[in-house]
Amino acid sequence: MKKWLCGFLFSFSALFAKAGFDYSPNLRKSFQLILKLRLDNAKLLLDKENTEHPSNSLTLLYANYYDFIKAFITEEKVYADSLRLNTERRLRMIDLDKESSPFQLLSKADMLIQTAMIKAKFGENVSAALDIHRAYKYAERNFILYPSFPLNKKTLGLLHAMVGAIPHEYRWLISIAGMDGTITQGSNELFRMLGETDRGIFPEYKEEVLFYLVQIYSSITSNDSITALLADSVKKHAASSPLMMYCYTNLNYKAGKNEDALEIINTFDDGETFPFYFLHYKKAQLRLRKLDLDAESDFQFYVTHFKGMNYVKSAFQKLAWIALIRNNQKGYDESIRNCLRSEEHTSELQSHSDLVCR
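This structure is a prediction, so every number in the text was calculated from the model and none was measured. (Residues numbered from 1 in each chain as written. Predicted model: local features only at pLDDT ≥ 70, side-chain atom pairs only at ≥ 80, totals over all residues. Heavy atoms only, no water.)

1. Considering the overall build of the protein chain
Stated formally: For helices the rule is a DSSP run of H or I covering at least 4 residues; for strands it is a run of E covering at least 2, with both sets numbered from the N terminus onward. Only protein chains enter the area calculation, which uses a 1.4 Å probe; residues under 20% of their type maximum are buried, those over 50% are exposed, and those in between are partly exposed. Only heavy atoms enter the contact rule, under which two residues are in contact if any of them lie within 4.5 Å. Shrake-Rupley sampling with a 1.4 Å probe provides the accessible areas, and residues are treated as covered by the protein chains on show and by no other component.
Looking only at helices and strands, one finds 19 helices and 0 strands in the protein chain. Looking at the protein chain residue by residue over its 358 residues, the buried ones come to 52%. Partitioning the contacts of the protein chain with sequence separation of at least 6, the portion at a separation of at least 24 is 62%. Summed over all atoms, the accessible surface of the protein chain reaches about 17700 Å², with 56% contributed by carbon and sulfur.

2. Things to note about the pattern of salt bridges
Applied cut-off: For this document, the term salt bridge refers to a Lys or Arg side-chain nitrogen within 4 Å of an Asp or Glu carboxyl oxygen.
Throughout the structure, instances matching the rule amount to 23 salt bridges. A salt bridge links E207 to K36; the nearest nitrogen and oxygen atoms lie 2.8 Å apart. One end of the pair, E207, is in helix 11 (residues 206-220); the other, K36, is in the loop between helix 2 (25-35) and helix 3 (39-52), and 171 residues separate them in sequence. A salt bridge links D298 to R287, with the shortest nitrogen-to-oxygen separation between them at 2.6 Å. In this pair, D298 sits in helix 16 (residues 295-305) while R287 sits in helix 15 (residues 278-289), placing the two residues 11 residues apart along the sequence. A single burial state applies to D298 and to R287, both of which are buried. Connected via shared salt-bridge partners are K77, D81, R84 and E124.

3. Here we look at helix 15
Cut-off, in case you're wondering: Take the number of residues in a helix, subtract one, and multiply by 1.5 Å to get its expected span.
Here helix 15 spans 17 Å end to end across 12 residues, near enough to the 16 Å set by a 1.5 Å rise per residue. Most of helix 15 is tucked away: 10 of the 12 residues are buried. If you check which residues of helix 15 are buried, you get F278, L279, H280, Y281, K282, A284, Q285, L286, R287 and L288. In this structure, the buried side of helix 15 is in contact with helix 13 (242-254), helix 14 (258-265), helix 16 and helix 17 (312-325).

4. A closer look at the environment of K153
On the secondary structure map, K153 appears in helix 8 (residues 151-164). Judged by its relative accessible area of 22%, K153 is partly exposed. What K153 contacts, discounting residues up to four positions off in sequence, is E189, L190, R192, M193 and E196.

5. Overview of the nonpolar core
We count it as follows: The nonpolar core is taken to be a set of buried Ala, Val, Leu, Ile, Met, Phe, Trp, Tyr and Cys residues, with the residues joined through side-chain atoms within 4.5 Å.
Y23, Y62, F103, Y205, F299 and Y302 are the most contacted members of the largest nonpolar core, which has 101 residues in total. Those residues in contact with Y302 that sit more than four places away from it in its chain are Y277, F278, Y281, N310, Y311, V312 and A315.

6. Overview of unusual backbone geometry
With phi around 65°, L37 is a residue other than glycine that occupies positive phi space. Considering the arrangement of structural elements, one finds L37 in the loop between helix 2 and helix 3. What makes L37 buried here is its relative accessible area of 0%.

7. Examining the environment of D67
Within the secondary structure layout, D67 lies in helix 4 (residues 59-74). C-alpha of D67 to C-alpha of T87: the two residues are 20 residues apart in sequence and 9.0 Å apart in space. Look past the residues within four positions of D67 in its chain and what remains in contact with it is L83, N86 and R90.

8. With respect to the environment of L112
Here L112 is to be found in helix 6 (residues 102-121). Once the C-alpha coordinates of L112 and A128 are considered, the two residues, 16 residues apart in sequence, prove to be 8.7 Å apart. When sequence neighbours within four positions are dropped, the list of residues in contact with L112 reads L91, D131, R134, A135 and Y138.

9. Thoughts on a nonpolar patch on the surface
As a reminder, the rule being used: Two joining distances apply to patches: 9 Å for like charges and 5 Å for nonpolar side chains (Val, Leu, Ile, Met, Phe, Trp, Tyr), and every residue must have over 30% relative accessible area and no salt bridge.
Taken together, the side chains of Y170, L173 and I176 present a nonpolar region at the surface, about 330 Å² in accessible area. Note on placement: I176 falls in helix 9 (residues 171-176).

10. Side note on helix 4
Across its 16 residues, helix 4 extends 23 Å between first and last C-alpha, which sits within 8% of the 22 Å expected from 1.5 Å per residue. Counting buried positions along helix 4 yields 15 of 16 residues, so the element is predominantly enclosed. With its phi angle positive at about 60°, E75 sits one or two positions after the end of helix 4.

11. Looking at the packing of aromatic side chains
Condition: Centres within 6.5 Å make a pair out of two Phe, Tyr or Trp rings, where for Trp the six-membered ring is used; the pair is then stacked when the planes are under 30 degrees apart, edge-to-face when over 60, and tilted otherwise. Criterion for a charge above a ring: Lys NZ or Arg CZ within 6 Å of the ring centre, and within 35 degrees of the ring normal.
Summed over all chains, the structure comprises 27 aromatic pairs. Both rings, one in F191 and one in Y217, keep their centres 6.4 Å apart while their planes meet at 50°; by these two values the pair is tilted. Pair noted here: F191 is in helix 10 (residues 183-198) and Y217 is in helix 11, with a separation of 26 residues, a long-range link. Owing to a relative accessible area of 22%, F191 belongs among the partly exposed residues under this scheme. By relative accessible area, which is 10% here, Y217 ends up buried. Where F278 meets Y302, the ring centres are 6.3 Å apart and the plane angle is 65°; that geometry is what we call edge-to-face. In this pair, F278 is assigned in helix 15 and Y302 in helix 16, connecting sequence segments 24 residues apart. The burial state of F278 is the same as that of Y302; both residues are buried. Put simply, the rings of F68, F72, F211, Y212, Y246, F276, F278, Y281, F299, Y302, F306 and Y311 touch in pairs and so form one group of aromatic residues. One Lys or Arg, K282, reaches over the ring of Y253 and ends 4.7 Å from the middle of that ring. In this structure, R289 is placed above the aromatic ring of Y253, and the distance from its NZ or CZ to the ring centre is 3.9 Å.

As structure tokens, this is what we get:
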């Protein structure tokens with residue numbers, strides 16, 4: 001009995017002695033699948049990694065990506081709450097791993113950025129700002145310890161761009177918090193990371209970096225030549241990635257290239273991926289822009305299936321317009337009532353769409 005107990009304790013202690021941050025083939029592949037919204041397949045690989053290498057602390061980061069993507073594209077409270085609870089638990093678990101690795105602080109920074117994005121979607125701006133501040137400190141520290149680690153460019157680039165996007169009247173708060181950055185600095189770092197992926201260094205991160213760059217140049221700042229460059233890069237991945245399809249559609253919609261955007265989005269099939277209902281809204285916008293009143297079916301699909309907050313009011317508004325054009329007074333009245341009942345999210349109010357119900 002004593003021998004068995006000693007052997008068990010030795011094996012148990014050895015398990016934790018081997019803890020570390022191994023960017024294994026399972027994690028590489030699961031990350032690729034997460035970004036392509038093939039979440040069921042990604043979960044199988046994450047579970048496999050947990051079974052084969054239960055002490056691999058890096059699994060925590062990609063499990064957080066899995067939770068984040070669900071919360072981000074659905075905006076459902078159940079997924080947001082799950083992400084928040086799991087993130088705090090995972091941050092504590094990462095702290096228990098004492099192995100020196102450039103992934104340790106970076107994982108913590110990335111997780112906090114993810115929770116901050118979700119909190120911002122739900123209007124929890126103060127809590128989101130605190131998470132960004134913590135993430136900034138972790139990322140900055142990681143750069144000091146591991147200045148040549150390529151993924152620093154991704155995380156710091158995003159943070160610098162986010163800090164740079166803060167309105168001028170609030171810049172003094174950023175200075176007090178010890179953060180600094182500009183949109184130009186952040187985008188340059190992200191483009192350098194993009195170059196790293198082209199050279200085969202962490203190539204799995206290409207789509208994430210492209211996603212951040214598209215958000216910067218479609219929502220925060222504008223540059224026609226860079227937008228065109230990004231559109232060309234994103235198009236190569238759009239057919240197999242709903243996130244890249246969203247990016248390509250968004251870039252071309254804002255550039256007035258309606259047919260280019262429609263050509264890609266008409267190939268969208270979410271049968272094998274986690275539902276991304278927002279693409280139905282984007283498709284409806286593109287169709288309505290060319291006065292295709294059958295866009296009604298896409299708007300209706302969106303408001304029926306999407307349980308989040310963004311653009312629901314806008315979709316009901318467009319349904320009202322279509323009903324009015326079709327001389328459908330009953331449909332118009334119903335859509336206007338739904339429009340007025342819909343709760344707008346803060347980020348929707350800050351968008352450049354015309355969301356006013358009339």
